[in-house]
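Results of the structural survey
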Amino acid sequence: MTDRKTDMERPEENYASILQRQEDEKLFQGLGVSPGIVIGPVYVSAASEISVPDYSLATRDLDRELNRLDCAIEEAQEQVLKLKRKGEDNHGESAEELSLLLDAHLQMLASKSMIGGIRARIQTGRKNAEAAVMAEAKQIMARFAKMDDPYLQGKAQEVREVALRLIRNLIKATSDSYTGLKKGSIILAEDITPADTAQMDPGTVGGFVAALGGPEGHTAIMARSLGLPAVLGIPDLISVAETSQTIIVDGSRGLVILNPTDERLKDYRKRAKAEADENHALAGLRFTRALTLDEIELNLHANIELPRETEIALHQGAEGIGLLRTEFMFMNREQLPDEEEQYQTLSTILEAMDGRPVTIRTLDAGGEKLVQALDGLDPKAINPALGLRAVRLSLKHSDLFKQQLAAILRASLRGPLRILLPLVTTAGEIRQTRRLLKEVADELRAKGYKIPEQLPPVGAMIEVPAAALAADGLARVADFFAIGTNDLTMYTLAIDRADDQVAYLYNPLHPAVLRLIEMTVRSANFAGIPVSVCGEVAGDIRYLPLLVGLGIRDLSMSAHSLPRVKKRALALSVEEAKRRTEKIMAQNDPIRIATLLEDFNDNIQAG
Ligand code: PEP
Ligand code: MG
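Residues numbered from 1 in each chain as written. Chains lettered and ligands numbered in written order. Predicted model: local features only at pLDDT ≥ 70, side-chain atom pairs only at ≥ 80, totals over all residues. Heavy atoms only, no water.

Taken together, the protein ligands of the magnesium ion (ligand 2) are Glu463 (OE) and Asp487 (OD), with distances of 2.1 Å. Note that Glu463 is positioned in the loop between strand E13 (458-462) and helix H15 (465-469) and Asp487 in helix H17 (residues 485-493), a separation of 24 residues in sequence. One exposure class covers both Glu463 and Asp487, and it is buried. (Donors = N, O, S within 2.8 Å, 3.2 Å for Na, K, Ca; no water. Helix = DSSP H or I, 4+ residues; strand = E, 2+ residues; numbered from the N terminus. Buried < 20%, exposed > 50% of the residue type's maximum accessible area, 1.4 Å probe, protein only.)

Structurally, the protein chain comprises domain 1 (20-48 + 174-260), domain 2 (61-171) and domain 3 (296-606). On a C-alpha basis, the centroid separation for the pair domain 1 and domain 2 is 25 Å. (Domains from an automatic or database assignment.)

Before going further, it helps to spend a moment on the packing of H17 against helix H18 (residues 511-527). With their axes 9 Å apart at the nearest point, H17 and H18 run at an angle of 130° to one another. Put simply, H17 runs oblique to H18. Relative to H18, the crossing made by H17 is right-handed. Across the interface between the two elements, Thr485, Leu488, Thr489, Thr492 and Leu493 of H17 pack against Ala512, Val513, Leu516 and Ile517 of H18. (Axes fitted to C-alpha atoms, helices over the stretch in contact; angles between N-to-C directions. Parallel < 35°, antiparallel > 145°, perpendicular 65-115°, else oblique. Left-handed = near helix turned anticlockwise from the far one by under 90°. Contact = heavy atoms within 4.5 Å.)

Overall, the coordinates contain 2 cavities of 30 Å³ or more when judged by the stated rule. In this structure, the largest cavity occupies an estimated 70 Å³ of space. In terms of lining residues, the largest cavity is bounded by 14 residues, among which Arg325, Arg361, Met461, Glu463 and Asn486 are the most central. Elements with a minimum of two residues in the lining of the largest cavity: strand E10 (321-325) and H17. For the lining of the largest cavity, the class distribution of residues is 3 nonpolar, 4 polar and 7 charged. Considered as a void within the structure, the second largest cavity measures approximately 40 Å³ in volume. (1 Å grid on protein atoms, 1.4 Å probe; cavity = no way out; pocket = protein on both sides within 12 Å on 5 of 7 lines; lining within 4 Å. Points joined across faces, edges and corners; volume = space filled by probe spheres on them. Nonpolar A, V, L, I, M, F, W, Y, C, P; charged D, E, K, R; others polar.)

Another point: the environment of Glu340. Take Glu340: it is sitting in helix H11 (residues 339-353). Between the C-alpha atoms of Glu340 and Ala406, which are 66 residues apart in sequence, the distance is 9.1 Å.

Looking now at the pattern of salt bridges. All told, the structure shown has 34 salt bridges when counted by the stated rule. In this structure, Asp479 and Arg434 form a salt bridge, with 3.1 Å as the shortest nitrogen-oxygen distance. Of this pair, Asp479 sits in the loop between helix H16 (471-477) and strand E14 (480-483) while Arg434 is found in helix H14 (residues 427-446), placing the two residues 45 residues apart along the sequence. You can call Asp479 partly exposed: its relative accessible area is 31%. Overlapping salt bridges, with partners in common, bring together Glu327, Arg361, Asp364 and Arg389 in one network. (Salt bridge = Lys/Arg side-chain N within 4 Å of Asp/Glu carboxyl O.)

Surveying the vicinity of ligand 1 reveals 16 residues, the closest of which are Arg325, Arg361, Gly484, Asn486 and Arg497. Between ligand 1 and Thr485, the relevant distance is 3.1 Å, taken from an oxygen atom to a main-chain nitrogen or oxygen of the residue. A distance of 3.0 Å separates an oxygen atom of ligand 1 from a polar side-chain atom of Asp487. Notes on ligand 1: free accessible area 290 Å², of which the protein chains cover 100%. Assessed atom by atom at 2 Å from the grid points, ligand 1 resides in the largest cavity. Where the shell around ligand 1 is concerned, the elements lending two or more residues are helix H8 (218-226), E10 and H17. For the shell around ligand 1, the class distribution of residues is 4 nonpolar, 5 polar and 7 charged. (Near = heavy atom within 4 Å. Polar contact = N/O pair within 3.5 Å; in protein donor to acceptor, adjacent residues only side chain to side chain. Areas by Shrake-Rupley, 256 points an atom, 1.4 Å probe, with all protein chains shown as cover. Sits in = over half its atoms within 2 Å of the grid points.)

The strand order E1-E8-E7-E3-E4-E5-E6-E2 describes an open sheet built from 8 strands, whose pairing is mixed. The strands lining the two open edges of the sheet, one partner per strand, are strand E1 (26-29) and strand E2 (31-34). Taken over all neighbouring pairs, the strand axes of this sheet differ in orientation by 30° on average, direction set aside. Of the strand pairs in this sheet, strand E5 (residues 205-210) and strand E6 (residues 230-232) are connected by 3 bridges, and their pairing is parallel. Opposite Phe208, over in E6, you have Ala230 as the bridge partner. Lying over the sheet, H8 contacts E2, E5 and E6, oriented at roughly 55° with respect to E2. Contacts from helix H9 (residues 262-283) reach E1, strand E3 (37-44), strand E7 (246-250) and strand E8 (255-258) within the one sheet, and its direction differs from that of E3 by about 120°. (Pairing = 2+ DSSP bridges.)

What follows deals with unusual backbone geometry. Glycine aside, negative phi is the norm for most residues, and most peptide bonds take the trans geometry. Within the chain, Asn259 stands out as a residue other than glycine whose phi angle is a positive 50°. Structurally, the position occupied by Asn259 is in the loop between E8 and H9. Judged by relative accessible area, which is 7%, Asn259 ranks as buried. For Ala390, which is not glycine, the phi dihedral falls at a positive 55°. We classify Ala390 as buried; its relative accessible area is 0%.

Take the nonpolar core next. When a protein is soluble and globular, its nonpolar side chains tend to lie buried together. Residues Ile187, Ile430, Phe481, Ile483 and Leu555 are the most contacted members of the largest nonpolar core, which totals 125 residues. If one sorts the elements of this core by residue count, helix H13 (residues 398-411) sits on top with 8 residues. A domain-level breakdown of this core finds at least three residues from each of domain 1 (20-48 + 174-260) and domain 3 (296-606). For Leu555, the contacting residues outside a window of four places in its chain are Leu298, Asn299, Leu300, His301, Val533, Ala538, Leu544 and Leu547. One finds Leu109, Ile118, Ala132 and Ile140 within the second-largest nonpolar core, a separate group that totals 33 residues. (Core = buried A, V, L, I, M, F, W, Y, C linked by side-chain atoms within 4.5 Å.)

What follows is the structure in structure tokens.
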């Protein structure tokens, strides 16, 4: 009798101690890509429900279905290996556990019994691949659940994870709409794409943490634009965190704390309050002009991706939109937006900006900015970063390009705008665009639209080394330049901006990058055309003295960076910046450059 009572109590005690362990505070160090502190409930994105299609196949479709399954397995193996590589950068117990877990996933993906079972369900059962995966997984899970050994029981969860990964790959469920979340939820996921971030509503989402991604990728940029604290590069969090647990994201330090202790929470609430007070004080600069100590005016604009960001831009005191990334209007949808829809969206933005200038960049799809609806036009490139992307894609598919140009021309009646072309490498691309623009204007006029006699200025992004090196020639055909330091750094240094494995090598302070910026500014000044910087360095106060010293007066950045950049501008002397920059530009060593710049910044702060 006594024994039986003990037997019944023991599992409860064990369960309690497991719970206790799960609730222990855990700290993770990653790559802080968007500053700020947020405390909220976890939402594990990968756990979101997916509906599994279930249907029977005709004999002629069996081979195709088996092929789909093979592709999904191959993709799953690549995903797991990527996570494993990421995990290898970390050390400690949790890194080891993660590695073992991922090895088990890899084994299952190669297992003759599991994969063989799925194949048999397709071949003989004539089931579609998703249903076959689900049925096989359920059978294996039921077998594990019946076993006495808790270790083997736990295997059922691994089978479920592998099956869900395969099903997600099969149905191409890459994004989550993040609806129905608790307010202030912190999203945890393996990978968050730029398209995913476009679905996040800062009113509901508090911030996010992902296993993969680099600091200058568009996911990171979107986080900064939306003001969402974010940390990337933490592969071992998702397997231990559960939806609804409490988590702290410290985007400035790249720290994530799961199940924080009361003491930690108290400390972080204090820090968050100090941060909010600082932001409040900075908000007082909203209507202040960005005049340097020697009274040189800087023009500070905002980069935006979505119409709803105009509100944030205005709130932070943007003088205009220096970069509208239109590709985000094309994401998360099966059909491309037609001319009318594009016109309506652009009109909303121009009207919200109320007479302030808006620079509209034409579709910059490709690379990491995948636009599902363009799949048919954009065949899998051998190297997407060097493929048919941006202005190349637009010029190749001129019908699509003409639709966007028509929407822009019609919207030009709603406010001052400029047209900016991404990834320009030759003057011919600008000339070709002008020809198309003229053609579109004539067609619109023939349809009765009132298009202004003078067409909007057409400018070029300078974001590949070729464009910077040949900037003198481009300046003869472009009306303005916008220097995209994100891609310019990536293409100059051959470092993928979204790859966390080489993030430590990504350095806009490399002399090669700085010299290309200098050449571009010189060519623009010689030709008498405006030049701005709209890459991420524009929003980082550390770079401001150097950019100003190089002759930049127009900067466009994520709206949340505007107040801090303005504050630094107010404390800066252009004359001093020029003198210091001359010294910096004579250096060959990026470390020496960083030291000189740091010294200058310390001086400004102290002054
Ligand atoms: C850049 O490359 O610096 C840039 C501003 O464009 P995007 O970040 O959208 O590629
Ligand atoms: Mg770019």
